[in-house]
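# Notes for the structure review
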Amino acid sequence: MPVPALRPYALRCDHRTTPLGIDEPAPLLSWRLASDLRGDAPAAYRVRVAERPEALAEGGRLLWDSGRVEDPSAIGAGYAGPALRPRTRYHWRVEVWSQAAAAGEESAGAVSWFETGMTVPSRSADRGGPDEPAWRASWITHDPNPIAVMDAPTEGELALDDHGLAPCPLLRRAFPGAAHPADSPAASPLVRARLYVSARGLYEVRLNGTRVGDAELAPGWTDYTRRVQYQTYDVTELVGPGENVLAATLADGWWSGFVGFEPRRAGAHYGTFPQFLAELHLTHADGSVRTVVTDDTWVTRTGAIRYADLLRGECHDLRQAVDGWESPGYDDDGWSPALVVDADHRLLVASVDEPVRAMAEIRPVSVTRVSPGTHLVDFGQNLAGRIRLRVDDLAAGARVVVRHAEVLDDKQRLYTANLRTAAATDVLIGDGRRHRTFEPRFTYHGFRYAEISGIPELRSDAVLAVALHSDTAWTGSFDCSDPDIRRLHACVEWGQRSNFVSVPTDCPQRDERLGWLADAQVFLPTAALNADVAAFFTKWLRDIDDARTPDGGFTNVAPRLAGVADEGAPGWADAGVVVPWHLYRTYGDPRFLSRALDGMRAWVALIHRHNPDLIWRHRVGPHFSDWLAPGVPTPREVIATAYFAHSTRLTALAAEALGHHDVAQEHHRLAAAIRAAFVARFVTTGDADGVERAADAGGTAPAGRTGRAETAEDTPRPAGQVRLAGDTQTGYLVALAFGLLPEHLADGAARRLAELVEAAGPALQTGFVGVALAAPVLDAYGRADLAHALLRRTEVPSWLFPLRHGATTIWERWDGWTPEGGFRAPAMNSFNHYALGSIGEWLYRGVAGVDQDADSVAYRRLRVRPRPGALGHASARYESARGTVAAAWRREGDRLTLRVQVPPGATAEVFVPTTDPRSVRELAAAPEEGAHSTLIDTGPGHARYQVASGSYHFTAAFSPAAPTSAGPQEEDTP
Ligand code: BGC
């Protein structure tokens, strides 16, 4: 039997690899596809689920069998078998049949598994079934009164802090473990141990002294008044014979620590003291299950961690360390009984994303002694995380203080003014013993530099930085000939790494670190190319949903935080619509839409209710406008109304995708009416006679981000002058990107946009809202040359200006620091904000050319249209939900080669850049291979091919001298 070329790989359950402890009753089982054959495409799939892996073999006892499903577009199937039981591992196998396979040819398959958590809520189909087994654990804690429990400073010491944070509670419980055959030959051996665990606060658990799992800052941030996540760990290998010990350390975290930008007392947001919940399930070979649960049999005290706070930092006093408390054999006489807080489990949910983990270790690029006992460490990279420091010979009571900063001032000292009230200071107090490693456990900082005092000679191998972020698998890579642009891409990536910490935050350093909706919304297209963010955003969409106001509004930040204005602003709250739509298009999972549709509709209805004339003036929240835009501000109503139209249209598309045609029609009609109102209210046209007229709304151009009609692109048409109220770049950008203008106005508006960009430098005059749209819109309207000019610009405002001045992440402001003005006002000047990094999307889609059609879902119909500009080469590779997508082009002399990879089942429209369209060839290895690529047409600057799946190699004449927008060829520079 021939080995099938088409094979599924990268099996996922709810967008995660072999997740442990899910509570989704109908998880999505998905796969990607690979094949060495051109034109390969799936014809059908079959998914089988069983409790035992052997049962997946033909004839085995299955729990669910989808049967053979003829669906050439499928890359996943929702589980539709009998109700899943809690705490159970399920094995699954997918088979895929190729369309190209000869009749009777075998399918190819792959296997994976998932495991359910403590409970699995009933699906609507299962209602009336048996009740879910409940948690038996109670929430326990050390001391419900955290204020002023800190020990008074001993003589000669400074008070550690005056913020009222309490020491971290330690909790322990001994229990008999796996029976050892030597002790009890008849005992049934332990076959499986699972720990289900959560905290109101942060936890770290050890079993017999060994750390359980590698999650940091667990259980992650949610609005704990609505939802508390728990995690599941396989601890089978950690349980031993005889006495075993479960040990937990708790910290305040987002639950009861300082959060957000108000220097509030701990506990002002969610809770006042950290609490812990755990169930350990020990399953024996005979089927018996023993449990160890948190209750009043646990004992507690405090130890070395005198406080730990996300903003303030962490203090370890080694003199108060309790040796051996996490292991068996320790005598916990004298510890207090844990206090049972309550047994409310209603808000507990299994976490749906991968946790924050320590993702990279970064060695210093320099360690400089700045004064006796004080060193400045430069890690060469701005990041979110903490340091790990080896300390030898720290006298009892002596302290090491670690302060953090993103940048240095002009005297080469830490610049910390922009951290506002975030002290970001970690302290280690010695106990006189040698060789200690200090690494804070319940805090993180945004920093590139650390100033470490209290160590006379700091060796550079004694310290490193540990980067922490949510573990989102990296799916994208980008490369090009310009080292500046390569570095820009790296800055964008590091902005993402530093700010995807349980939620997408605005910044990791100052007293803010909030899940601002607009920042995430504009950055999502970039983020979703860099990494697989499906699970990460599944979780955050729940945060957005939890945060919704009673009148149906989305908020500005999620998770919701008391004290931060709830009323959502244009472009911010609209993330509640934009984010699920983009995730659906990227990953093809309709649940992104079905879970969000009610919220989307309520949001549109709310704005409509407050603005019956369709110009969004009322209920605009704080209205941040085009946040941090230099130059003339864009009229707020323009941005607001543009977003109103955009959200309404996306709601219509979402309803359409879900088959709710009436809802779709209703929203399409409303969106058309808003567009017409936008044009009538904000657009004027001037003719040659100079007379200004209100524009005629007519039929609108498609949303311009990727969807403009192809043919007109390279042939500018004359049109009357088009002016938008305010006449700002961002005004034109939102109007064009969201398809608000009729075709006859869109070209004129695009021309005006280009004029404004050119007149400014060429430079942008946009803030967070406009910046993400600039390169894609200019490109869509035939001005990729201008997009390239913006990319290469090095003065303020530009992406490369910060890089020229040492940036390793994207700055919050175009001019966060300038040689003339120094630092901008410290009140708001982060050097690690990803919003302006939304250009990352165009590096993949424009420069390298990896894109999908405007109406393609999950990369089924690709559009490969590289924009060489003056670059010598560029390439991007992206692990899409369907399989690998790649484009790589290179100019050599007067030729250009373009290599393209299209995953099985997908097709691509490939625009080969050329100065002579007749010269373009596709280098098929054999004639039958050639059948999979067809020349469609040629236009100025390109030849357009339609190709099936597989790998393709095009060559074309590309003469530097010819009059194209490409400009002179740039030499490759290292
Ligand atoms: C944040 C931004 C956010 C904005 C709202 C700032 O403080 O850092 O990124 O979007 O507030 O205007």
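See the structure printed just above.
Summary of the structure given here. (Residues numbered from 1 in each chain as written. Predicted model: local features only at pLDDT ≥ 70, side-chain atom pairs only at ≥ 80, totals over all residues. Heavy atoms only, no water.)

## Focus on the pattern of salt bridges
What counts here: Think of a salt bridge as a Lys or Arg side-chain nitrogen and an Asp or Glu carboxyl oxygen that are within 4 Å of each other. Runs of H or I in DSSP of at least four residues are treated as helices and runs of E of at least two as strands, each being numbered from the N terminus. Think of it in three bands: with a 1.4 Å probe and only protein chains considered, a residue is buried below 20% of the maximum accessible area for its type, exposed above 50%, and partly exposed in between.
Tallied over the entire structure, the rule returns 75 salt bridges. Here aspartate 546 makes a salt bridge to arginine 227, at a shortest N to O gap of 2.7 Å. Taken together, the residues span a long stretch of sequence, with aspartate 546 in helix α4 (residues 534-547) and arginine 227 in the loop between β14 (210-211) and β15 (228-234) at a distance of 319 residues. When sorted by exposure, aspartate 546 lands in the same class as arginine 227, which is buried. Put simply, arginine 752 and aspartate 727 hold a salt bridge, and the shortest N to O gap is 2.6 Å. One end of the pair, arginine 752, is in helix α11 (residues 743-759); the other, aspartate 727, is in the loop between β40 (721-724) and α10 (729-737), and 25 residues separate them in sequence. Under the relative-accessibility criterion, arginine 752 is labelled buried at 17%. Judged by its relative accessible area of 23%, aspartate 727 falls in the partly exposed class.

## Here's the deal with the sheet that holds strand β7 (residues 76-78)
Test applied: When DSSP finds two or more bridges between a pair of strands, those strands are recorded as paired. Only the stretch in contact is used when a helix axis is fitted, and all axes are lines through C-alpha atoms; the angle between N-to-C directions ranges over 0 to 180 degrees.
Strand order in the open sheet formed by 3 strands is β1-β3-β7, and the pairing between neighbours is antiparallel. Each having just a single partner strand, β1 (7-13) and β7 make up the two edges of the open sheet. Averaged over neighbouring strand pairs, the angle between their axes works out to 20 degrees when direction is ignored. Relative to strand β3 (residues 28-34), β1 runs antiparallel, the two sharing 5 bridges. Paired with cysteine 13 across the two strands is leucine 29, which belongs to β3.

## Description of unusual backbone geometry
The linkage connecting alanine 558 with the following residue, proline 559, adopts the cis geometry, with an omega of 0 degrees. Structurally, the position occupied by proline 559 is in the loop between α4 and α5 (575-587). Here the amide bond leading from glycine 761 into proline 762 is cis, since omega sits at 10 degrees, within 30 degrees of zero. Considering the arrangement of structural elements, one finds proline 762 in the loop between α11 and α12 (768-780). The residue leucine 217 is not glycine, and still its phi comes out positive at about 55 degrees.

## Examining the nonpolar core
Here is the rule: Buried Ala, Val, Leu, Ile, Met, Phe, Trp, Tyr and Cys residues that are joined via side-chain atoms within 4.5 Å together make up what is termed a nonpolar core. Here, two residues are considered to be in contact whenever any of their heavy atoms come within 4.5 Å of each other.
Core analysis: the biggest nonpolar cluster contains 192 residues, and Phe537, Phe678, Leu741 and Val910 have the highest contact counts within it. For this core, the leading source of residues is helix α8 (residues 636-657), giving 11 residues. With residues up to four places along the chain from it excluded, the contact list for valine 910 reads Val864, Leu898, Val900, Ala943, Arg944, Tyr945, Val947 and Phe954.

## A short note on the packing of α4 against α5
Operational definition: Put simply, angles under 35 degrees are roughly parallel, angles over 145 are roughly antiparallel, angles from 65 to 115 are roughly perpendicular, and the rest are oblique. When the near helix sits turned anticlockwise from the far one by under a right angle, the crossing is termed left-handed; a clockwise turn instead gives a right-handed crossing.
Contact pair α4 / α5: the axes reach a minimum separation of 11 Å and the direction vectors enclose 155 degrees. Here α5 runs roughly antiparallel to α4, going by the angle between their axes. Judged by the sense of rotation from one axis to the other, the crossing of α4 with α5 is left-handed. Only Gly576, Val579, Pro580, Leu583 and Tyr587 of α5 make contact with α4, whose side of the interface consists of Ala534, Phe537, Trp540, Leu541 and Ile544.

## Digging into the environment of isoleucine 639
If you trace the backbone, isoleucine 639 turns up in helix α8. Exposure remark for isoleucine 639: the relative accessible area of 0% places this residue in the buried category. C-alpha separation for the pair isoleucine 639 and glycine 731, spaced 92 residues apart in sequence, amounts to 6.7 Å.

## A look at the environment of alanine 784
With respect to the element layout, alanine 784 can be found in helix α13 (residues 784-792). Take alanine 784: its relative accessible area is 10%, and that puts it in the buried class. For alanine 784 and proline 868, which are 84 residues apart along the polypeptide, the C-alpha to C-alpha distance reads 9.0 Å. When sequence neighbours within four positions are dropped, the list of residues in contact with alanine 784 reads Leu778, Asp779, Trp842 and Arg867.

## Observations concerning α13
Taken residue by residue, α13 has Ala784, Leu786, Ala787, His788, Leu790 and Leu791 as its buried positions. On the buried face of α13, the contacting elements are α2 (483-499), α11, α12, α14 (800-804) and α15 (840-848).

## Things to note about the packing of helix α3 (residues 517-530) against α5
Packed helix pairs are characterised by how far apart their axes lie and by the angle those axes make with each other. Between α3 and α5, whose axes approach to 9 Å, the crossing angle comes to 10 degrees. Compared by their axis directions, α3 and α5 come out roughly parallel. Packed against α3, whose contacting residues are Leu517, Gln521, Leu524, Pro525 and Ala528, the element α5 presents Ala575, Gly576, Val578, Val579, His582, Leu583, Thr586 and Tyr587 at the interface.

## Structural notes on the packing of aromatic side chains
Basically, it comes down to this: Any two rings among Phe, Tyr and Trp, with Trp reduced to its six-membered ring, count as a pair given centres within 6.5 Å; such a pair is stacked if its planes are under 30 degrees apart, edge-to-face if over 60, and tilted if neither. By definition here, charges over rings are those cases where NZ of Lys or CZ of Arg is within 6 Å of the ring centre and within 35 degrees of the ring normal.
Enumeration over the complete set of coordinates arrives at 38 aromatic pairs. Here the aromatic rings of tryptophan 135 and tyrosine 230 are separated by 4.9 Å at their centres, their planes lie at 85 degrees, and the arrangement is edge-to-face. One end of the pair, tryptophan 135, is in the loop between β9 (108-116) and β10 (139-141); the other, tyrosine 230, is in strand β15, with 95 residues separating them in the sequence. Residue classification places tryptophan 135 among the buried positions, given a relative accessible area of 7%. One aromatic cluster is present, formed by Phe500, Phe523, Phe536, Phe537, Trp540 and Tyr834 through successive ring pairs. Directly above the ring of tryptophan 97 sits arginine 68, whose terminal nitrogen or CZ lies 4.5 Å from the centroid. Positioned over the ring face of tryptophan 139 is arginine 200, at 4.1 Å from the centre of the ring.

## Some points on the sheet that holds β14
Taken in spatial order, the 6 strands of this open sheet run β14-β13-β16-β11-β19-β22, and their pairing is antiparallel. A strand with exactly one partner marks an edge of an open sheet, and here the two such strands are β14 and β22 (336-337). Pairing of strand β19 (residues 299-302) with β22, which is carried by 2 bridges, proceeds in the antiparallel orientation. Residue pairing in the sheet places threonine 300 in a bridge with serine 336 of β22.

## Description of helix α7 (residues 597-610)
Where we set the bar: Given the number of residues in a helix, its expected span is that number minus one, multiplied by 1.5 Å.
The end-to-end C-alpha distance of α7, which contains 14 residues, comes to 20 Å, matching closely the 20 Å that a straight helix rising 1.5 Å per residue would cover. Burial in α7 covers these residues: Leu597, Gly599, Met600, Ala602, Trp603, Val604, Leu606 and Ile607. Where the residues of α7 are buried, they touch α5, α6 (591-594), α8 and α9 (661-682).

## Some details on empty space enclosed by the protein
Basically, it comes down to this: A pocket here means an open set of points on a 1 Å grid, computed over the protein atoms alone, that has protein on both sides within 12 Å along at least five of seven lines. A cavity is instead a set of points where a 1.4 Å probe fits but cannot get out; residues with an atom within 4 Å of a point line either one. Grid points are joined across faces, edges and corners, and a volume is the space filled by probe spheres set on the points. In this count, Pro and Cys sit with the nonpolar residues alongside Ala, Val, Leu, Ile, Met, Phe, Trp and Tyr, while Asp, Glu, Lys and Arg are called charged and the others, Gly among them, polar. An automatic or database domain assignment provides the domain bounds reported here.
This structure, assessed with the given rule, holds 8 cavities of 30 Å³ or more. By volume, the second largest cavity is sized at about 150 Å³. Every residue lining the second largest cavity is counted, 14 residues in all, and those nearest its centre are Asp14, Glu24, Val352, Thr538 and Arg595. Mapped onto the lining of the second largest cavity, the elements with two or more residues apiece are α4 and α6. Here the lining of the second largest cavity is built from residues that sort into 3 nonpolar, 3 polar and 8 charged. In this structure, the lining of the second largest cavity is formed jointly by two domains, domain 1 (7-116) and domain 4 (476-848), each of which donates at least three residues.

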